[in-house]
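# Structural overview for review
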Amino acid sequence: MSSQICRSASKAARSILIASKNARFYFEGRAVAAAAAVAGRGKVPFLASDFGRAGAGNAYNGWISGALALPAAAYMLLDQEVHAAEFERTFIAIKPDGVQRGLISEIIARFERKGFKLVAIKIVVPSKEFAQKHYHDLKERPFFNGLCEFLSSGPVIAMVWEGEGVIKYGRKLIGATDPQKSEPGTIRGDLAVVVGRNIIHGSDGPETAKDEISLWFKPEELVTYTSNAEKWVYGNN
């Protein structure tokens, strides 16, 4: 329910920003809609005594007045809360074999064509110790050591992609771990042959995505922005 509130508030904010030509109304509308979304996530505290003493209507009006008095920095933070609440993020890595085979643009293009948005990217040669942190959940498996050696054997393209359902659908886009079992049309199904060289990694769930993003990227390396294509990807008729 809270995610629906966040999404509705975010869309309302964007509608206000597009329609408004008055600077003051622009910022106030931004603050109100953003604050509403943040409140839906439980980020804005409400005092029960305020509702009991003044009534829900008065408390709401007081809260809105307070939101409008927020400084510019707070407007920006609230807007980021709205954006973060609306879309999820996932970690995607093109492994050394994918990089060496020149498949970087092919893989990125598939995520872009789907409508997902790239919010962080860098090329790095991870150490074996770093690879062990990345694959920590597989440390009891017999192939763990070889897996870590391979990931640290050359350049890796580390990325963060954003969009509605990006974690679940990103896995579908990638295909099964074993390329031989991957459907045609998936990245592994089209571009890979064996498990040991399956060219790409993707987070398998929300918690994993959160952990992997924080492992590979610093907070300031993640970019929050609105793509001009979003209205064509997520628009409601």
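As the structure is a computational prediction, the values presented were derived from the model and not from experiment.

At Ile199, a residue that is not glycine, the phi angle is positive and equals roughly 60°. With respect to the helices, strands and loops of the structure, Ile199 is situated in the loop between α10 (187–191) and β4 (200–202).

Attention shifts here to helix α11 (residues 206–216). For α11, the full list of buried residues reads Ala209, Glu212, Ile213 and Trp216. Down the axis of α11, the buried set is contained in an arc of 100°. They therefore lie on one face. When the buried face of α11 is taken as reference, the exposed residues oriented beyond 90 degrees from it are Glu207, Lys210 and Ser214.

Let us look at the UniProt feature "active site" (unreviewed entry) in the chain. Following the UniProt record, the feature "active site" (unreviewed entry) maps to His201 here. Summarising the element assignment, His201 is placed in strand β4. Its relative accessible area of 14% is what places His201 among the buried residues. His201 has contacts with Phe91, Ile92, Ala93, Lys95, His134, Ile174, Arg188 and Glu212, leaving out every residue within four places of it along the chain.

In low-pLDDT segments, the atomic positions of the prediction should not be examined closely. Here the chain averages 79 in pLDDT, while 64% of its residues score no lower than 70. The model gives residues 16–54 a pLDDT under 50, and that stretch makes 52 contacts with residues more than four places away or in other chains.

What follows is about the side chain of Asn198. Looking at the secondary structure, you find Asn198 in the loop between α10 and β4. Ignoring sequence-local partners within four residues, the contact set of Asn198 consists of Lys95, Asp97, Thr177, Pro179, Arg188 and Ala192.

Our next topic: the pairing of strand β3 (residues 156–163). Among the eight residues of β3, eight are classified as buried, and the element is accordingly described as predominantly covered. Side-chain alternation along β3 places Val156, Ala158, Val160 and Glu162 on one buried face and Ile157, Met159, Trp161 and Gly163 on a second face that is also buried. Note: strand β1 (residues 88–94) against β3, seven bridges, orientation antiparallel. Considered in β3, the bridge of Phe91 is made with Val160.

Conventions adopted
Residues numbered from 1 in each chain as written. Predicted model: local features only at pLDDT ≥ 70, side-chain atom pairs only at ≥ 80, totals over all residues. Heavy atoms only, no water. Helix = DSSP H or I, 4+ residues; strand = E, 2+ residues; numbered from the N terminus. Buried < 20%, exposed > 50% of the residue type's maximum accessible area, 1.4 Å probe, protein only. Arc of directions from axis to C-beta. UniProt positions renumbered as here; feature names shortened; annotations may be inferred. Contact = heavy atoms within 4.5 Å. pLDDT = per-residue confidence, 0-100. Pairing = 2+ DSSP bridges.

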